[in-house]
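Listed below are the residues making up each chain.
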Amino acid sequence: MEEPTTLVSDEDLVDSLPAIDDERIQLEDPEFETDPFLLGFEDTIRLGCCCPAKEEEVTTEKTKKTTTRDRVQAFHLRKSLNLLDKLHEEKDLFIQKTRGELRVCHQRMDLLTKQQESLAAEIAAEREANNMAALGRLQAASRRLHTELENEKDLQSKITAMLKDSENAMWHIEIQKGQFEDVRKRNEEEAEARLRSLEIHAAQQLQKEKETLEKVERNRLLRARKSLHVQKELGLRHQKLVEDAQRNHKIAVKFLKASLGRVREQEQKEEMESRKHMKRRMDAVLALKNNITASRETLKKFQAWGQSRAEVAKQKALTEKEAILAQGGDAFKHLFHQRRHQELEAQKRAFEEDQKLRKQEIVSRILKEEAEEEHRKKRQQQPSKTTDQWTLRDKTWKYISDFCEGKTAITTNHLLENEMALHPKPSCLLKVISSESMQMDLGSISTEEEILAEPDIPGLWSKDYKSYQVSKEDMERKPVGGTKMDKDILARTMEQLRSGVVHKQVVSGREFKGRPFNSKPEVIHFKDFDIGKVYKKKITLINATYTINYCKLVGVEESLKDFIHIDFDPPGPMSAGMSCEVLVTFKPMINKDLEGNVSFLAQTGGFSVPLKCSTKKCSLSLDKELIDFGSYVVGETTSRIITLTNVGGLGTRFKFLLDSEFFEMEEHQPIMKMSSVFTYEDKSLYEKIINSLSEQQLDVDGSSPLDIPSRKESEKLDEAEVTAVASAMTMVPSEEQAEITLGEVTEGEIGPFSSIKVPIIFNPVIPGEVQTKFKVMFKNSQCPTLYFRATGIAVDVPVWVPRATVDLKICMYDRLYQDSITVHTRSKAALRLKFEVCKELRGHIELLPETGYIQAQSSYSVQLKFLPRYSLPEDAGKYFDQDSRVLEAPMTIWVADQYVDIQPNDGFGTILPLETLQLDVIFQPIKAKEYRFELVCKSEINRCFKVSCQAVGVHPPLELSHYQIKFSATALYGTTVSTLYVINSHLSMNKLTHSLPRIGSEEATPVGPTSFEFLVPPNSPITISPSVGTVLPGKRCLVQVAFQPVLPHEIILEEAIHILNKETETKLFRKETTQRKEQWKQSLPVVRVHNRDRPTRASTPHTQELQRQELSASSNEYQAAQATLARTFQGKFDRFVVPCVIASGDIKDRKASEPLSFSPYNTLYLELWCPVVAPSIVVTSNEGKTVVNFGDIAVGHRGIRKITLQNISPEDLDLEFSVLNPHGPFVLLNPSRKLCSGETQTLVLSFSPHESILAQETLDIISKRGTLTLTLTGTGVASMITCSIEGNILNMGYVLARESVSINFKLQNESSLPIKFWMRLESLSKKRAETRQQLPKFLTSHEQRTEIVGTQNHNGQSVFSVVPVEGLMVPGKAHEFTITFSPDHESLYFSDLLQVVLFEKKVSHQILLKGAAREHMMFVEGGDPLDVPVESLTVIPAFDPEHREARSPPPEAEEMKPILVTLNYVQFDTDIPTPPATRELQVGCIRTTQPSPRKTVEFSLDSIPWLQHKGFSIEPSRGSVERGQTKTISISWVPPADFDPDHPLMVSTLLQLRGDVKETYKVIFVAYVVAGL
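Criteria and cut-off values
- Residues numbered from 1 in each chain as written.
- Predicted model: local features only at pLDDT ≥ 70, side-chain atom pairs only at ≥ 80, totals over all residues.
- Heavy atoms only, no water.
- Helix = DSSP H or I, 4+ residues; strand = E, 2+ residues; numbered from the N terminus.
- Buried < 20%, exposed > 50% of the residue type's maximum accessible area, 1.4 Å probe, protein only.
- Contact = heavy atoms within 4.5 Å.
- Areas by Shrake-Rupley, 256 points an atom, 1.4 Å probe, with all protein chains shown as cover.
- Axes fitted to C-alpha atoms, helices over the stretch in contact; angles between N-to-C directions.
- Parallel < 35°, antiparallel > 145°, perpendicular 65-115°, else oblique.
- Left-handed = near helix turned anticlockwise from the far one by under 90°.
- Nonpolar A, V, L, I, M, F, W, Y, C, P; charged D, E, K, R; others polar.
- Patch = residues over 30% accessible without salt bridge, like charges linked within 9 Å, V, L, I, M, F, W, Y side chains within 5 Å.
- Salt bridge = Lys/Arg side-chain N within 4 Å of Asp/Glu carboxyl O.
- Lys, Arg positive; Asp, Glu negative; His and termini not counted.
- Charge placed at Lys NZ, Arg CZ, Asp CG, Glu CD.
- Phe/Tyr/Trp six-rings, centres within 6.5 Å; stacked < 30°, edge-to-face > 60°.
- Lys NZ or Arg CZ within 6 Å of the ring centre and 35° of its normal.
- pLDDT = per-residue confidence, 0-100.
- Pairing = 2+ DSSP bridges.
- Polar contact = N/O pair within 3.5 Å; in protein donor to acceptor, adjacent residues only side chain to side chain.
- Core = buried A, V, L, I, M, F, W, Y, C linked by side-chain atoms within 4.5 Å.
- Expected span 1.5 Å × (residues − 1).
- Arc of directions from axis to C-beta.

**A word on the overall build of the protein**
- The helix and strand inventory of the protein stands at 24 helices and 74 strands.
- For the protein, buried positions account for 29% of its 1573 residues.
- Of all intrachain contacts in the protein linking residues separated by at least 6 positions in sequence, the fraction that spans at least 24 positions is 71%.
- When the accessible surface of the protein is summed, it comes to about 104,000 Å², and 53% of that surface belongs to carbon and sulfur atoms.

**Quick word on the packing of helix α5 (residues 68-129) against helix α6 (residues 132-179)**
- Running from N to C, α5 and α6 point in directions that differ by 160°, and their axes come no closer than 8 Å. As judged from the angle between their axes, α5 and α6 are roughly antiparallel. α5 and α6 meet at a crossing whose hand is left-handed.
- In terms of residue class, the contact of α5 with α6 is built from 23 nonpolar, 13 polar and 15 charged.

**Section: the side chain of Gln 1241**
- Here Gln 1241 lies in strand β54 (residues 1240-1247).
- Not counting residues up to four positions away in its chain, the partners in contact with Gln 1241 are Ile 1203, Thr 1204, Leu 1205, Leu 1215, Ser 1232, Lys 1234 and Leu 1235.

**Comments concerning unusual backbone geometry**
- Look at the link from Leu 848 to Pro 849: it is a cis peptide, with omega at -5°.
- Of note in the backbone geometry, Arg 1298 takes a positive phi value of approximately 70° without being a glycine.
- For Arg 1298, the location among the structural elements is in the loop between β58 (1289-1296) and β59 (1301-1309).
- Arg 1298 gets classed as partly exposed once you look at its relative accessible area, which sits at 35%.
- One non-glycine residue, Ser 1503, adopts positive backbone phi at about 60°.

**What to know about a negative patch on the surface**
- Taken together, the side chains of Glu 181, Asp 182, Glu 188, Glu 189 and Glu 192 make up a negatively charged region of the molecular surface.
- If you trace the backbone, Asp 182 turns up in helix α7 (residues 181-327).
- Classification of Asp 182 as exposed rests on a relative accessible area of 52%.

**Observations concerning the packing of aromatic side chains**
- Counting across every chain of the model gives 30 aromatic pairs.
- Seen in terms of ring centroids, Phe 1512 and Trp 1533 are 6.1 Å apart; in terms of plane orientation they differ by 35°. Their pairing is tilted. Separated by 21 residues along the polypeptide, Phe 1512 in strand β70 (residues 1512-1515) and Trp 1533 in strand β72 (residues 1526-1533) bring together distant segments of the chain. No difference in accessibility class separates Phe 1512 from Trp 1533, as the two residues are buried.
- Plain terms: the ring middles of Trp 1533 and Phe 1539 are 5.4 Å apart, the flat faces sit at 75° to each other, and that makes the pair edge-to-face.
- On the accessibility criterion, Trp 1533 (0% relative accessible area) is buried.
- Note on Phe 1539: relative accessible area 15%, which makes it buried.
- Here the aromatic residues Tyr 1465, Phe 1512, Trp 1533, Phe 1539 and Phe 1565 are joined through ring pairs into a cluster of three or more.
- Above the plane of the ring of Phe 526 lies Lys 537, whose end atom (NZ or CZ) is 5.6 Å from the centre.
- Stacked on the ring of Tyr 981, the Lys or Arg Arg 1036 has its end atom at 3.9 Å from the ring centre.

**A look at the pattern of salt bridges**
- Per the counting criterion, the structure on display carries 28 salt bridges.
- The residue Glu 930 makes a salt bridge to Arg 932 at a minimum N-O spacing of 3.7 Å.
- Judged by relative accessible area, which is 61%, Arg 932 ranks as exposed.
- In this structure, Arg 1414 engages Glu 1386 in a salt bridge whose closest nitrogen and oxygen atoms are separated by 3.6 Å. Separated by 28 residues along the polypeptide, Arg 1414 in strand β65 (residues 1402-1414) and Glu 1386 in the loop between β63 (1374-1381) and β64 (1387-1398) bring together distant segments of the chain.
- Owing to a relative accessible area of 32%, Glu 1386 belongs among the partly exposed residues under this scheme.
- Connected via shared salt-bridge partners are Arg 653, Lys 655, Glu 747 and Glu 749.

**Some words on the confidence of the model for the protein**
- Here the protein shows a mean pLDDT of 77. Residues at 70 or above account for 77%.
- Per-residue pLDDT, averaged within each element of the protein, yields its smallest value for strand β1 (residues 430-434) (34) and its largest for strand β44 (residues 1036-1043) (94).
- Segment residues 667-737 is flagged for pLDDT under 50; beyond a separation of four residues in sequence, or across chains, it makes 81 contacts in the model.
- Ignoring residues within four places in sequence, the model shows residues 1083-1102, a span with pLDDT below 50, making 16 contacts including any to other chains.

**Overview of the sheet that holds strand β60 (residues 1315-1321)**
- One open sheet holds the 5 strands; their spatial order is β58-β65-β64-β60-β62, and the pairing between them is mixed. Each edge of the open sheet carries a strand with a single partner, namely β58 and β62 (1366-1369). Pairwise comparison of adjacent strand axes, ignoring direction, gives a mean angle of 25° for this sheet.
- As paired strands, β58 and β65 are joined by 6 bridges and run parallel to one another. Considered in β65, the bridge of Leu 1296 is made with Arg 1414.

**Describing the environment of Tyr 817**
- For Tyr 817, the position within the fold is in strand β23 (residues 817-825).
- In the structure, Tyr 817 is positioned 49 residues away from Phe 866 in sequence and 5.0 Å away in space, judged by C-alpha atoms.
- Sequence-distant contacts of Tyr 817, that is, excluding residues within four places in its chain, are made with Ile 810, Cys 811, Met 812, Leu 864, Lys 865, Phe 866 and Pro 868.
- Among the polar contacts listed, one links the side chain of Tyr 817 to the backbone nitrogen of Met 812, at a separation of 2.8 Å.

**Things to note about the pairing of β72**
- Relative to β72, strand β68 (residues 1477-1485) runs antiparallel, the two being bridged by 8 bridges. Opposite Thr 1478, over in β72, you have Ser 1532 as the bridge partner.
- Here β70 runs beside β72; their pairing, made up of 4 bridges, is antiparallel. Bridge assignment links Ile 1514 to a residue of β72, and that residue is Ile 1531.

**Things to note about the packing of α5 against α7**
- Where α5 contacts α7, the axes come no closer than 11 Å and their chain directions differ by 125°. Taken together, the axis directions place α5 and α7 in an arrangement best described as oblique. Of the two possible hands of crossing, α5 and α7 adopt the one that is left-handed. Between α5 and α7, the contacting residues are Leu 77, Arg 78, Leu 81 and Asp 85 on the first element and Val 183, Arg 184, Asn 187 and Arg 194 on the second.

**So, the nonpolar core**
- Within the largest apolar cluster, 35 residues are counted, with the highest numbers of intra-cluster contacts made by Val 982, Phe 1012, Phe 1014, Val 1041, Leu 1166 and Leu 1168.
- Elements with a contribution of two residues or more to this core: β39 (976-983), β41 (1010-1014), β42 (1022-1025), β44, α17 (1049-1075), α20 (1116-1127), β45 (1132-1144) and β46 (1159-1173).
- Of the residues forming this core, the biggest block, 5 residues, is contributed by β46.
- Sequence-distant contacts of Phe 1014, defined by excluding residues within four places in its chain, comprise Leu 960, Val 982, Ile 1024, Pro 1026, Ser 1027, Val 1039, Val 1138, Pro 1139, Cys 1140 and Leu 1166.
- Counting residues in hydrophobic clusters, the runner-up holds 32 residues, among them Met 1417, Val 1497, Phe 1512 and Val 1521.

**Digging into a nonpolar patch on the surface**
- A surface patch of nonpolar side chains, about 300 Å² in accessible area, is lined by Val 1466, Phe 1468, Tyr 1568 and Val 1570.
- Within the secondary structure, Val 1570 is located in strand β74 (residues 1558-1571).
- The exposure class of Val 1570 is partly exposed, given its relative accessible area of 35%.

**Notes on α20**
- For α20, built from 12 residues, the straight-helix expectation of 16 Å at 1.5 Å per residue is met to within 8% by its first-to-last C-alpha distance of 17 Å.
- Looking only at α20, the buried set comprises Tyr 1118, Gln 1119, Ala 1121, Gln 1122, Leu 1125 and Ala 1126. One side of α20 holds all its buried residues, which, seen down the axis, span an arc of 165°.
- Here the buried face of α20 lies against α17.

Spelled out as structure tokens, the structure:
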């Protein structure tokens, strides 16, 4: 609830508050509305006090300009008045709101009062009924109502007080408004006065503008008259110039005709000479061709002769080998020595030839140097006359003509020697590589051969001219740049200086390594440059080191110095992070891409910034490669736009045309194309070569003898090939492809960084699918030709509209817009049409008439009326776009009563005599009933033939969501899945609400579950799941249709048999070749002809049938044939129609052998379009198999398999991989994102089973062209090993110290895998040292006294050993192991842990090894432990017998060893007799290999009668033990009659053992009586 406003007096407000600030007035809360109102009223009251004086001033000086102070005061006054009005409105609103709350409070109080009265009545009633529970509840409710009523009363009082305060504040505001009423009126009068002054000022300003406009108009007329005068003068001057030009033109034409006549005469002479010259060239080339042919024949003969010699040598070697073997010698050794001797002879001859060649080279070099010296001397003299010079063209053709005429090589050599004497540089040689390239050795062409016939400066060529004599000092002067030694010294010096400049930078102990300066940008790139222009770019170098560094410019590379200039002022020392700028200026002189580096030197080392200069290039692309028009009715016209984009800096000319058309972008192309390796610098030299060769066109079609490929110079062109090429060049598009054509824009210029849109028009004429290929050619030869396809489907319907879209442009609400829609028909009969508008727009759009008849092969017009109302956006829904305000809505034209169609050609055609035509009568019922109608066939002579037809319309009880599925193009062995629903919409038998499913006029199908079954054609690549099911009424069943194309089994078998036949023929051919070695002495061509003419052996049908039976899908030949056929697969299209039969009832209710009664009439048909394409990705490894079998892998281990994939499609593919089970055993280790065309890539897969299981997963490799599925299988095999030791504890028993005992045990491999094992002792493990640092077990644990690794030998060797330590266990077999116990001293606590480790990480078994050692052959065990199981560290071992004898005490001083035997007698409270307490002692004799006088051990116990008196019974009390045996002493105790249970019984006796020595044990018996439970 809002608090009331606090009221204060006006005088206090005026005295205490400051003036109002315009930007600080904020009314945020109604409870403070009165206070802001009173802010700043001091100025307002002051203005009110001086109102009379100001009124007098206003009346006297209204026209004067007001002062600044008056304007400020007026502004504050207006602001105060506005604030007062605003406060008045807000306070009035607050009062109304408060009164409303007060009224609501009164209503709640009245309601609570009424509830109290009713509750009081109920309390009285319950009190009379003595219902205390209800009475208590009602009293609590009464108290609650009383509390609420009190709260409402308090609230009422608060609201009343607040309302009173608000009314008081409202009264104060009214008083303030009354005080300022005069001020308000005066403010309005001032505003009116200001408005009148502004109107007067505007009228004055308008008058001034009119005067200015009149002045401007006068100036314009003056300028017009002046311009007319100037134009007349220019016209007279131009006329004079034209007359002079015509007179000069006549004179020039006269002289030009004379010059052209002379030029034509000169051209005719040159043409005659050129024809003669070309004839000589043709004769020379033909002669050269004949010589090459002869050389090839000779070469073939030499090759045949060489092969014959090789065969003879081989035969000779075999003969020698057989002879040596027949003599009993070593044929291999003899042949090796013979071959080694031949190699040495060949090396010797090669060395001698090499020596001769080197001698000849040295002599030639000496002669060449002498000739050059003579030539240098001659050049200093007067040059020879030009009459003896030979041009490049004359020399070349002179050489060819001499060669063709058969002149000897001596003449040629002599001529070349003469030329060498005159011109030491070699002449240019022309090498014809192919019909499209000609490479020339440009470096070998001497420009000195172009010598003028007459000198331009006669003075230098006169005989009296004396050459300049170079002084001796100048001759001895060093060459420019110094000698080679000077350059080496300079380079070494600069390297030393640079090494001194470069220092390592170490800051805070860390050395800086890397690039010292970073460049922004990182690469200096000049793009799309023009020759002759200057380009500049700035780069910023940033110090990236740890501290101060320096930077110095080294320069650019040699290839860039002519074009690149660097402006760089060394900035001196630069702190870390500081930067400096470098200005790079590029002035291109050649049109060539340049690359290089700008090198800098820093204190920490050198660095460089890459520099690139790119010429203007065309980069053209199409926005799409396929234009799909979709389905259009025959007769309609539509268009699509394809965009050609150039993102390069160079424009070119383009032309769109059909792929089958031939067009040359260049009108005149040169016959001979030079190689593209020429650079811009070689252009002038290239032109000279072309001019010197004077190549001209020989034939009309532009062919030349030099255009013949060099590899086929000796062959003639086949006439069939020439005819095929000519037909391909003159091919024109067929009439069927004319339905898709290009628009108006088919060629033109495309500029740099621009795009052009070209329309493609589809005008279907014939029903069916149409596909046309187009290409885009460019004038720039570096731009490749771009290709794209356009496809569309023409649908033949009887009715069509030429204008499928009605565009009413921009419309307004509540305005009527009309348009006419024309409908055409190609039907031969009248049709009834129904025009329908979607239900959302029926209140806005109307088609008149709604129903009409269209006559045969005519048109029909429908009137469209569109009256948009304001509710259109809400009514149209999805058809109206709220953002663009565009309405797009469909209108439907229904053709009624059309259920019969005659095809082809709608039943029209021509039939010849004795000819039979087959026509299809297509029946499409519109509802379920019986149809009877007649078809009338009329001829041209008005003969009629009637055909009576009967049909039954069926409405099935089930329907399909889709009756046609068009699968996407699926790769071979790929899978595409589509879904549909089987719907049961039959819910009631009310025929008025919907049509009932029935067969003709039969009874309707009852409502209930309905079953279906899809009948898939056999051997089809279609799988439907589920194929059988039941649909309840009002429900639907999801059905998945999978399309997985595969190659037919028979085709693969035929290919596999073909491969087998080839292999068989190859083997037979090799066998026959081995048997007929003597025939190889003949010439090789004869053998080849014989082999070629030999008929191929064909396998008989019986053999092929056997091969078919032997081949299986897993055989190598089958897999190879499958991979070969998949690679060469060209694609195909299949269409399947799958019937779906329907029956009433549920398939679950039928019996096992009782089938459902499916009706043949209630049948649905599902049409499947199945295009198959070649796989884009194939498996090249593993013989093309897509099943990766890892085999058996041990659990916990990993198997690796590699699969090689190849992209055989013509484009690069982006790959995606399906997700394998993250908790499964299969992992893809190296997924790849892209596979280029023709590239192969290897995938690495791993199989790591976690349990013994047969695992299988599929890995899908997904690309935009299809999916390749790899099936991954593997078997996890658990490492099952059984041990022959029970309990995993092996006790080695007692052994004499320094002797050993061995025990064998076996491990059985129960698994199917060979298992590698390791035997590991815990005492030899790495953790042994850490374990020994811990406290002993007897101190920390009462249950376990001994350590796992107990006492060990003192000599450092392990007390236990096992053999073998590692190995491999064969599946199903046992492996035997030997454990040896070898103690070196006496102890009872020898122990160790033996671990069986499999595959280096899995511990299969743990065997605890125990043993004891004694110095003598007897031992006693049993009793309670009295010592600790850890040896004292103070015990000094003795390893030799002397020390042991020295340490052993004398017999009389021998200490008795105690044995404690505790017996607990359990006494029960019942009368059941209690068994005596029993214990046992073991006395044994250790088996030893040492000689000993005693072979047994005797033992005896003393004081047996006394012990019996105390209740003890000992059996036996004395006896002997053989070697390797033990004997048990049984001890039992029953409490005697005088036994006190509170005091345990303790007695002792002596046990003496006699063996190799005598030992005495003091046996202490302690007996207790324990109460039983």
